[in-house]
Amino acid sequence: MGGSNPYLSGSEIKPPKKKYKIRFMPMNKVVEVDPAQLPFGDTGLSGSILDIAMHFGIPIDHACGGVCACSTCHVFVKEGKETCNEAEDFEYDMLDTAPGNTIESRLSCQCVANGEKDLVVEIPGWNKNLAKEGEPSK
Ligand code: FES
């Protein structure tokens, strides 16, 4: 499922120009993002953490299909957050409904890194897909 939210501008997104890595926790799986291969799919913004996670088989719940209309894709960007697009007010509104919201919180469907640094992304333990499906095989 995919689509876009007409209330979001997406104007501050700077897609990556070089390869970078994302380490997903707690499964400690590292993936390399090659901008030449983006977008991977249509789940969330092109090149978003959710888009990348889905491509590499990393389960993150995304009840609204990646259009910033829920908070189930909530993740913590532990490192490299400064290289990501600024969250819009609409995303902050959704994050306010997410459990465990911190300054590291982002909606993975709306968070696009510019590739200037590697990221460390933690998927909350209460993520429904992670709890239901377990860790992906390596
Ligand atoms: S999947 Fe619903 S806000 Fe990201």
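Residues numbered from 1 in each chain as written. Predicted model: local features only at pLDDT ≥ 70, side-chain atom pairs only at ≥ 80, totals over all residues.

K.L.:
A description of the pairing of strand β2 (residues 29–33) should follow, citing residues and the corresponding values.
P.N.:
Sheet topology places strand β1 (residues 20–25) next to β2; five bridges connect them, and they run antiparallel. Residue pairing across strands places R23 opposite V30, the latter belonging to β2. Between the antiparallel neighbours β1 and β2 lie three residues, among them N28 with a positive phi of about 55 degrees. (Pairing = 2+ DSSP bridges. Helix = DSSP H or I, 4+ residues; strand = E, 2+ residues; numbered from the N terminus.)

K.L.:
Describe the pairing of strand β5 (residues 119–122), listing the residues and the values that go with them.
P.N.:
Alternating residues of β5 divide into L119 and V121, all buried, and V120 and E122, none buried. As judged from the three bridges shared by strand β3 (residues 74–79) and β5, these two strands associate in the antiparallel manner. Along β5, the bridge assignment pairs V77 with V121. (Buried ≥ 20, exposed ≤ 12 C-beta atoms within 10 Å, placed from the backbone.)

K.L.:
Quick one: what's the story with the environment of H55, residue by residue and with numbers?
P.N.:
Looking at the element boundaries, H55 is found in helix α1 (residues 49–55). For H55, a count of 16 C-beta atoms within 10 Å puts it in the partly exposed group. Sequence spacing of H55 and V31 is 24 residues, and the spatial spacing of their C-alpha atoms is 10.0 Å. Not counting residues up to four positions away in its chain, the partners in contact with H55 are F40 and G41. (Contact = placed C-beta atoms within 7 Å.)

K.L.:
Describe in detail the nonpolar core, supporting the description with residues and values.
P.N.:
Formed by 27 residues in total, the largest nonpolar core has its most connected members in I22, I49, L50, A53, I60, V75 and V121. Counting residues per element, the ones that place at least two in this core are β1, α1, β3 and β5. (Core = buried A, V, L, I, M, F, W, Y, C linked by C-beta atoms within 7 Å.)

K.L.:
Pulling in residues and values, what's your account of the sheet that holds β2?
P.N.:
Backbone-to-backbone hydrogen bonds pair the strands of a sheet. The strands run either parallel or antiparallel. Judged by pairing direction, the sheet is mixed, and its five strands sit side by side in the order β2-β1-β5-β3-β4 without closing on themselves. The open sheet has two edge strands with one neighbour each: β2 and β4 (105–107). The sheet shows a mean angle of 35 degrees between the axes of neighbouring strands, direction not considered. (Axes fitted to C-alpha atoms, helices over the stretch in contact; angles between N-to-C directions.)

K.L.:
Hey, could you go over unusual backbone geometry for me, with residue numbers and the actual values?
P.N.:
With an omega of 10 degrees, the peptide bond between M25 and P26 qualifies as cis. With respect to the element layout, P26 can be found in the loop between β1 and β2. Notably, N28 is not glycine yet its phi reads approximately 55 degrees, a positive angle. Examined against the element boundaries, N28 turns out to sit in the loop between β1 and β2. Even without a glycine there, the phi angle at C68 is positive, about 60 degrees.

K.L.:
Go over the environment of G65, please, and point to the residues and values.
P.N.:
Along the chain, G65 turns up in the loop between α1 and β3. In sequence terms G65 and T43 are 22 residues apart; their C-alpha atoms lie 6.1 Å from each other.

K.L.:
Would you mind going over the confidence of the model for the protein in detail, with residue names and values included?
P.N.:
Per-residue pLDDT for the protein averages 87, and the proportion of residues at 70 or more is 83%. Below a pLDDT of 50 lies the segment residues 129–138, which in the model reaches 13 contacts outside its immediate sequence neighbourhood of four places, other chains included. (pLDDT = per-residue confidence, 0-100.)

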